[in-house]
Amino acid sequence: MSRPHFLISALAVTARFLGNILFFPIWWYSLGFIRFAGKIVYFWRSEQQALGFSVWLKNIFVPMYGQNDFAGRLISFFVRLIQVIVRGLALIFWLLVGLILMAVWLALPLGILIATAFQLLEV
Amino acid sequence: MDKAPVLEFENNEERGRGAWWQGRFLYWQKTLSRSAIALNKLQRRVDHVLDILVFIGALVGVLSLLTWLLLSQEILLANPLKILFFWENKHPLVLVFLLSTWLDLFLLYRRSEASVASRKINHRHFRGGAKGKPIHYNVAGACNQEMNDVLSSAFLIAAKLKQPEVSVMHFFRALLTSPQIQNVFVRLGVNATALLKKLERHLSGPQAQNRRPEFSEALREILLAAGADAIARRQDSLEPLNALSFCYHQDTVLAEILYDLEVDADKLDNVCEWFHINRQLLSRYHAYRQSAGLKPGGGMDRAYTAIATPTLDHFSHDLTAAAKYGRLELCVGRSAEINSIFEIMESGQAGVLLVGASGTGKNVVINGIAQLMVEERVPKFLQDKRLVEIDVSRLVSGGAASEAEARLLACINEASRAGNIILHIANIENLVGISAGGEGLDLSEVLAESLSRRIIFCLSTIGTDNYSRVLEKTALGEVMTTVGIKEPGTNQAIQMLESKVAGLENKYRIFITYSAIEEAVLMSSRYLHDKFLPEKAVSLLQAAVIIAAKANRRNPQNRTCTKEHVAAAISEMTGIPAQKITEDESHKLLSLENDIHQRMVGQEEAVNAVAASLRRARAEMKDAKRPIASFLFLGPTGVGKTELAKTVSQVYFGDENYMVRLDMSEYQSVDSIRKMIGDIDGSLGYLTEAVRKKPFSLILLDEIEKAHPDILNLFLQLLDDGRLTDGQGRTISFTESIIIATSNIGALYIQEQIKAGTDTALIRQELIDNQLNKVMRPELINRFDGIIVFKPLSTDNIFQIATLMLKGIKKRLAEKGLDLKADREGVKLLAKAGYDPKFGARPLRRLLQEKVEDKIANKILAGELKRRDTVVIDAKANISVLKGREL
């Protein structure tokens, strides 16, 4: 590579790197956060599917094991109600975990910034 | 993926050459220059270095924190909560960790961006018309890194050679630098050096000075088609593999070069498809494992509304559970059949019957449905359901028919009450005919009744022959809707086989070339007539792989299964010498006449005609739909007609036992057709059964003129189409057989004319015109490849035959440790005594038996002949014994 070519190339590479660094904080609070939140939502949805919450809720008045008599229906309703409550609680737990993780994502750079400043500055 | 997209190109003023496809205008815009390529390369190197540096920085941070934790463990042990507020401790190591966390976040950012950047194609742009989406699509933006490298490389090749355009040839040369494409050619067994050498000659043309080469129009078209292909396959990006086969179709010179290296369009397409199939299988497997986790493995549905089915569970296997745990083989290339099954089910039909010959993959289709049910990629009414296969043998075993009926009813009842069960009954014909007796229903009628009441849903399979024989007219046959599972075509079968190669390669630790796969499909469809694709090709390939693995047991580095191994496997399975024509065999074919004359004396014309026919067949010049060769041998008795047939069997098939001999005098009545081809009651035909078992054989029809005319009509079809339908309705192929018919018609005429010195061509014509046509229809006479007239034997011939026969006696004596010496004059005397112009060489055989063999036998019994003695036939044809040396 000839000398002027090399200089131009070096300049271009450096500019791109600087651009990368400048864009990084903006990315963290925009695109990055959206993608992270998307992953949390996906995780929560697959948890919902694995727990079968919507299936239990939809069938709350449907008798279990084909027991169509009155007693069967009554017992089924209460068993299903308990299932819906327990599974619902589990889902709420995962929802809270997700929300906390999203909050951590948002707070992390600020936290590190404060901690670093604390280390560097004489307080 | 069935067919590559076909684009119609047009020129757009703004975007240049492009094509409309799926509501978008695809075009190609990419500016390349040497400096841009160099900059890009530098950029990637810098990025790589940066990534490594950031990673090291992050690692140093973690190590710093760990060191600090070790150093301050006393304080931390006193107050463990302090660990949460480690950052409040002012320490250089903590500072290093905190600074490194910035690098961690930066690394996360770079990884995330890189992963998004690798997904170049946004498939949402191509779904459902053009609403709100940009109408123009630049395919250049869809290329992945490997493709971009190939494009840069093609540009640099053209620029270096000062070419005005980057041609298809430059691009193809660059493609060969891609590891993906190199793998394709390794699978094809192409010699890379030979290919490069041939390509180099076509890379440069007239040079252009100081110009930056532009992409040629043909190349742009290839790239656009490749882009459409990548989109149609729902890939993340455009890869070199997408472009490969379009290059072949676009550039005729390139096609010729590849053709010289034994690569044609089908081969290239099939290998590319193989790589795509492997990728799809892998991604499907990942998605499958994810969704299989959600499918219940037991008998219950997800909502717990189903009812336990103890009786059904006892008499069945749960296919969805088997699919969930990955125990069923993957189904490839049968989506059309599966979709039509779903359509029938959705239309409210209660039963679907898959009809197809055994080996076409009926059970694989059922497995495919079970897998789709696990993934829940099925119509709504099939979601959250189980596919359960009733084991008919278990259902009927150990009990009377009435008990089997009760069991079946209990199973149907449970399935209907549970509500989440789809039944499957393999080989449903087994249910027909099992009845409790009297006027009761048989099992198939019980099932038919439940199906017609729509209380259950049932899938089932049956072989084509059994369907028409057993089921078609029954109540069950009428209530079920049939779906034909056809035997796949060659390319489809090759692709089905390709999907199984990875498993075979892993199991036997062997590399399978494309040629082996192709040969397995071609050879099995050619030689294994009573089985069907793809199963017969799969079992053939499996046999070939085992042969190859055994052959290379001592050399694990070089374990490759090639088409020669497939040929060896087919040879082992059928006894057919199907190995590629090697040097030795070519030599054997060229010297066929000499080999035949080792056993045959005289009859040069007949031998030459037969040998020429066989050479045509072996070099695969023959019509594939007719027998290898068919001859009508005419001539008096004892002139060598049968002997020539035996010799051909020995020389061509390697053994006299490959000859099926039919004495046509035994087929003089109409009824004898049954004896020959069998009948519907199940008795097997002598001819059809022999050829079905050994398709590669010589069929000798001795004295054909004596057969009943109706039998001769059978041979009309056999000689023309190379097949015959037997009594059971099976088609028996005669395409690998040699048919030889012999006849004594006009024997006297031949003798007289030969004596008078008439040309054999004239004799033959006279025989055809005036003698043969009295017993055979002209169309049958015309269907023989050759009508060969055997001349009566001369005294000289008889002498040679006597010598040959004595050689045979000598060989038999050698086994007893005895020798035979014959004086030439003595042999002449014997030949003269044994010669009878009417009966040819036959009296000679009797004479030798009387005068030589009987006498030797007497001497052996009398103890006059012992080991190492020599039997001498002197000039007067007398037999004496020359004593051997004593030990």
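Quick caveat, the model's predicted, so the values are computed rather than measured. (Residues numbered from 1 in each chain as written. Chains lettered and ligands numbered in written order. Predicted model: local features only at pLDDT ≥ 70, side-chain atom pairs only at ≥ 80, totals over all residues.)

A. Looking closely at the overall build of chain B. Scanning chain B for helices and strands turns up 37 helices and 24 strands. Computed over the C-alpha atoms, the radius of gyration of chain B is 39 Å, more than 25% above the 29 Å expected from 2.2 N^0.38 for a compact globule of 887 residues. Taken over the C-alpha atoms alone, chain B extends approximately 130 × 90 × 75 Å along its principal axes. Contacts in chain B between residues at least 24 apart in sequence constitute 75% of all its contacts with a sequence separation of at least 6. (Helix = DSSP H or I, 4+ residues; strand = E, 2+ residues; numbered from the N terminus. Rg over C-alpha atoms; globule rule 2.2 N^0.38 Å. Contact = placed C-beta atoms within 7 Å.)

B. Main features of helix α1 (residues 34-71) of chain B. Residue and element names in this part refer to chain B. The terminal C-alpha atoms of α1 lie 55 Å apart, and with 38 residues this matches the ideal 56 Å at 1.5 Å per residue to within 8%. Among all positions of α1, only Ala58, Gly61, Ser64 and Trp68 are buried. Of the surrounding elements, those touching the buried residues of α1 are α3 (92-118). (Expected span 1.5 Å × (residues − 1). Buried ≥ 20, exposed ≤ 12 C-beta atoms within 10 Å, placed from the backbone.)

C. Spotlight on the environment of threonine 742 of chain B. Residue and element names in this part refer to chain B. Looking at the secondary structure, you find threonine 742 in strand β20 (residues 738-743). Given 24 C-beta atoms within a 10 Å radius, threonine 742 is considered buried. C-alpha separation for the pair threonine 742 and asparagine 797, spaced 55 residues apart in sequence, amounts to 21 Å. In contact with threonine 742, other than residues within four places in its own chain, are Phe633, Lys641, Thr642, Asp702, Glu703 and Ile704.

D. Seen up close, the sheet that holds strand β24 (residues 879-882) of chain B. Residue and element names in this part refer to chain B. Reading across the sheet, the three strands line up as β22-β23-β24 and stay open at both edges, with mixed pairing between neighbours. Edge positions in the sheet fall to β22 (819-822) and β24, since each has one partner strand and no second. Within this sheet the neighbouring strands show an average axis-to-axis angle of 25°, counted without direction. The sheet contact formed by strand β23 (residues 870-873) and β24 spans four bridges and is antiparallel. Pairing of threonine 870 across the sheet is with leucine 882, part of β24. (Pairing = 2+ DSSP bridges. Axes fitted to C-alpha atoms, helices over the stretch in contact; angles between N-to-C directions.)

E. Looking closely at the interface of chain B and chain A. Counting residues at the interface gives 25 residues for chain B, matched by 26 residues for chain A. Of all elements in the fold, only α1 and α3 of chain B reach the threshold of two or more residues within the side of chain B that touches chain A. No other element matches the ten residues that α3 of chain B contributes to the side of chain B that touches chain A. For the side of chain B that touches chain A, the class distribution of residues is 17 nonpolar, five polar and three charged. (Nonpolar A, V, L, I, M, F, W, Y, C, P; charged D, E, K, R; others polar.)

F. View of the sheet that holds strand β21 (residues 786-789) of chain B. All names here are of chain B. With parallel pairing, five strands are arranged side by side in an open sheet as β16-β17-β20-β15-β21. Only two strands of the sheet have a single neighbouring strand rather than two, namely β16 (659-663) and β21. Across this sheet, the average inter-strand angle for adjacent strands is 20°, counted without regard to direction. Both strand β15 (residues 629-634) and β21 contribute to a ladder of four bridges, which runs parallel. If you follow phenylalanine 631 over to β21, its bridge partner there is glycine 786.

G. Highlighting the environment of leucine 387 of chain B. All names here are of chain B. Summarising the element assignment, leucine 387 is placed in strand β9 (residues 386-390). Here leucine 387 falls in the buried class, since 27 other C-beta atoms lie within 10 Å of it. Sequence spacing of leucine 387 and glutamate 853 is 466 residues, and the spatial spacing of their C-alpha atoms is 75 Å. With near-sequence residues (within four places) excluded, leucine 387 lies in contact with Leu319, Thr320, Ile369, Ala370, Met373, Ile422 and His424.

H. Representation of the domain arrangement of chain B within the structure. Taken as a whole, chain B is organised into domain 1 (34-118), domain 2 (140-263), domain 3 (294-484), domain 4 (498-572), domain 5 (584-789) and domain 6 (795-882). Taking the mean C-alpha position of each, domain 3 of chain B and domain 6 of chain B sit 74 Å from one another. (Domains from an automatic or database assignment.)

I. Representation of the pairing of β9 of chain B in the model. Residues and elements named next belong to chain B. For β9, the buried fraction is high: five of the five residues fall into the buried class. Side chains of β9 alternate between two faces, with Arg386, Val388 and Ile390 and Leu387 and Glu389 buried alike. Pairing analysis gives four bridges linking β9 to strand β10 (residues 421-425), with the strands arranged parallel. Looking across to β10, one finds that arginine 386 is bridged to isoleucine 421.

J. Quick peek at the nonpolar core. Residue and element names in this part refer to chain B. Of all hydrophobic cores here, the largest spans 144 residues; its most connected members are Leu497, Ala520 and Leu541. Looking at which element gives the most residues to this core, the answer is helix α8 (residues 217-232), with nine residues. Beyond its immediate stretch of four places on either side in the chain, alanine 520 contacts Leu497, Ala537, Leu540, Leu541, Ala544 and Val566. Listed in part, the 80 residues of the second largest apolar core include Ile596, Ala645, Met664 and Val691. (Core = buried A, V, L, I, M, F, W, Y, C linked by C-beta atoms within 7 Å.)

K. Geometry of the packing of helix α36 (residues 824-834) of chain B against helix α37 (residues 842-862) of chain B. All names here are of chain B. Between α36 and α37, whose axes approach to 8 Å, the crossing angle comes to 125°. Taken as axis vectors, α36 and α37 run oblique relative to one another. Relative to α37, the crossing made by α36 is right-handed. On α37, the residues touching Leu830, Ala831, Ala833 and Gly834 of α36 are Pro843, Leu844, Leu847, Leu848 and Lys851. The class makeup of the residues in the contact of α36 with α37 is seven nonpolar, one polar and one charged. (Parallel < 35°, antiparallel > 145°, perpendicular 65-115°, else oblique. Left-handed = near helix turned anticlockwise from the far one by under 90°.)

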